[in-house]
Amino acid sequence: MTAIQNVKTRFAPSPTGLLHLGNVRTALFNALLAQRWGGRFLLRIEDTDQERGRPEYVAALLEDLRWLGLDWREGPEIGGPHQPYLQSERATIYARYYQRLEAGERVYPCFCTPAELALSRKTQLAAGRPPRYTGTCARLSEADRQARLDRGLQPTLRFRVPVGQMIEFEDMVRGPQRFASDDIGDFVIRRADGTPQFFFANAADDALMEVTHVLRGEDHLTNTPRQLLLLEALELPAPRYGHLALIVGADGGPLSKRLGDLSVRELRTGGYLPEALLNYLARLGHAYERDKWMEWNGLATGFTPDHLGRAPARFDEAQLLHWQTEAIQHAPWEQLWAWMGGRCVGASARPAEGGFCRRDPA
Ligand code: GLU
């Protein structure tokens, strides 16, 4: 595969918990893709959900990514041309783009209460229809809107989905995709408390931060047509998307609570070396031609989106242990020494990128 110009990939976690196997694999694939194509890997923290996001998880996330050697070239702590990289600090940037949508009448304020929306959803489900916003507030007159605003009601902002359109895109993993806009109800892009909704902030930031390729979990596949519509309305470029198959247990069933909940933190304190995780996760849903142990550069050179599987990836603890054995066999003695609980002799106690002990200059 030839190099592609100005590639930028990203990892955009929401800090709602510790980094676990599923999302660290997403981070890894994006980092490998950037390196493979001579591009940049960006880190953005999607912390707009104030109820769920917790600052201590941001710090843990950064530390875990660094421990794994997944170093970002743009993002928190190091900055870059598109800072800030925490969505909670980007409100003034988003305001400009809400205005653009308002000026083009692509959005409207919605005063429906959560209770009204829940009732409407229930009624539609009971009638055997997929629940979607019925458009109540899309039809309000200007006077009605003003009257509600005068009463002090705090509306959400909804995107007006165009009628009768087909949204098509070529998924890097799953091939051609088609969605009918008529199956998508008008959706919220700004919450009543003024914070941006995921669809909006995620799509706008990818464009504003010049992200060209997005690999993310397939649970986001149905969000993509919404985000493409939004980007079109915002007159912003869309990245290429690829949706990764989920990770399942060795028996093909859902990942058990025990394994699914495994955080990088737990694996690290359990003694796994970062290189073991990298070698294992890079092969979880992605096939390499070479099945041997590889350093970072080898993992990146052999990485290709064409080799990402569409079938769910089976998590196999025995395989992880196999790569742990390999990691131990390939580890330099300083790393092994640190791993066994000793200190790095003649080197800094802090493992450098990739977990190796770094020698202080003499
Ligand atoms: N913050 C989203 C998540 O953690 C990002 C989704 C995406 O990668 O676009 O699921």
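Residues numbered from 1 in each chain as written. Predicted model: local features only at pLDDT ≥ 70, side-chain atom pairs only at ≥ 80, totals over all residues. Heavy atoms only, no water.

**What about the overall build of the chain?**
The following threshold applies: To qualify as a helix, a DSSP run of H or I must reach at least 4 residues; to qualify as a strand, a run of E must reach at least 2; elements of each kind are numbered from the N terminus. Our radius of gyration looks at C-alpha atoms and nothing else; its globule reference is 2.2 Å times the residue count to the power 0.38. Working definition: with a 1.4 Å probe on protein chains only, accessible area under 20% of the residue-type maximum means buried, over 50% means exposed, and in between means partly exposed. Note on contacts: a residue pair qualifies if any of its non-hydrogen atoms lie within 4.5 Å across the two residues. A 1.4 Å probe and the Shrake-Rupley method give the accessible areas. Residues count as covered only by the protein chains that appear here. Charge convention: Lys and Arg are scored as positive, Asp and Glu as negative, and His as well as the terminal groups of each chain are ignored. For this purpose, a charge sits on NZ of Lys, CZ of Arg, CG of Asp or CD of Glu.
Across its full length, the chain holds 13 helices and 13 strands. Over its C-alpha atoms the chain spans a radius of gyration of 23 Å, differing by no more than 12% from the 21 Å that the globule rule assigns to 362 residues. When the backbone C-alpha atoms are referred to their principal axes, the chain occupies close to 75 × 40 × 40 Å. Residues counted as buried form 50% of the 362 residues belonging to the chain. By sequence separation, contacts in the chain at least 24 residues apart represent 73% of the contacts at least 6 residues apart. Entry remark: accessible area of the chain is about 17,900 Å², with carbon and sulfur atoms responsible for 52%. Looking at charge distribution, the chain has the averaged site of its 44 positive side-chain charges lying 2 Å from that of its 45 negative ones.

**Focus: the pattern of salt bridges**
The cut-off we apply is this: One side-chain nitrogen of Lys or Arg within 4 Å of one carboxyl oxygen of Asp or Glu is enough to make a salt bridge.
Applying the stated criterion to the full structure yields 17 salt bridges. For Asp-206, the salt bridge identified is with Arg-10, shortest N-O distance 2.9 Å. Residue Asp-206 is found in helix α6 (residues 198–208), and its partner Arg-10 is found in strand β1 (residues 8–11); the two are separated by 196 residues along the sequence. Both residues of the pair, Asp-206 and Arg-10, count as buried.

**A word on the pairing of strand β9 (residues 240–244)**
Let me state the cut-off plainly: We treat two strands as partners when DSSP finds at least two bridges between them. Think of it like this: strands point away, you trace from the first strand over the helix to the second, and a clockwise trace means the crossover is right-handed.
Counting buried positions along β9 yields 4 of 5 residues, so the element is predominantly enclosed. Where strand β8 (residues 213–217) lies against β9, 5 bridges are found, and the strand directions are parallel. From the neighbouring strand, Gly-217 faces β9, where its bridge partner is Leu-244. Read from β8 through helix α7 (residues 223–234) to β9, the crossover connection turns out right-handed.

**A few points about the packing of aromatic side chains**
The following threshold applies: Aromatic rings from Phe, Tyr and Trp, taking only the six-membered ring of Trp, are treated as a pair when their centres fall within 6.5 Å; an angle between ring planes under 30 degrees marks them as stacked, one over 60 as edge-to-face, and anything in between as tilted. Whether a charge sits over a ring comes down to the Lys NZ or Arg CZ being within 6 Å of the ring centre and within 35 degrees of the ring normal.
Scanning all chains against the criterion turns up 8 aromatic pairs. Here Phe-169 and Phe-179 contribute two aromatic rings whose centre-to-centre distance is 6.2 Å and whose plane-to-plane angle is 5 degrees, an arrangement assigned as stacked. Remark: Phe-179 occurs in strand β6 (residues 175–180) and Phe-169 occurs in strand β5 (residues 166–171); sequence separation between them is 10 residues. Its relative accessible area of 11% is what places Phe-169 among the buried residues. Following the ring pairs from residue to residue traces out a cluster consisting of Phe-159, Phe-187, Phe-198 and Phe-199. The cationic tip of Arg-158 hangs over the ring face of Tyr-133; the distance from NZ or CZ to the ring centre is 3.6 Å. A cation over an aromatic ring shows up here: Arg-190 above the ring of Tyr-98, its NZ or CZ 4.9 Å from the ring centre.

**Points about the sheet that holds strand β3 (residues 107–110)**
Which entries qualify depends on this criterion: With axes taken as lines fitted to C-alpha atoms, and helix axes fitted only over the stretch in contact, angles between N-to-C directions fall between 0 and 180 degrees.
Pairing within the open sheet is antiparallel, and its 3 strands lie in the order β3-β4-β7. Sheet topology places β3 and β7 (187–190) at the edges, where each strand pairs with a single neighbour. Strand-to-strand twist in this sheet, taken as the mean axis angle between neighbours without regard to direction, amounts to 45 degrees. In the sheet, β3 pairs with strand β4 (residues 156–159) via 4 bridges, with the strands oriented antiparallel. Within β4, the residue paired with Pro-109 across the bridge is Leu-157. Each of β3, β4 and β7 is contacted by helix α3 (residues 91–103), which is oriented at about 135 degrees to β7, the strand it contacts most.

**Quick notes on the confidence of the model for the chain**
What counts here: Confidence of the predictor in every single residue is expressed as pLDDT, which spans 0 to 100.
With 91% of its residues at a pLDDT of 70 or more, the chain has an overall mean of 91. Note that pLDDT drops below 50 for residues 344–362; the model gives that stretch 41 contacts with residues more than four away or on any other chain.

**Notes on the environment of Glu-74**
With respect to the helices and strands, Glu-74 occurs in the loop between α2 (55–68) and α3. Its relative accessible area of 1% is what places Glu-74 among the buried residues. Linking Glu-74 and Ala-238, residues 164 residues apart in sequence, is a C-alpha distance of 19 Å. In contact with Glu-74, not counting residues within four places along its chain, are Lys-8, Arg-40, Phe-41, Leu-42, Leu-43, Gly-79, Gly-80, Pro-81, His-82 and Tyr-85.

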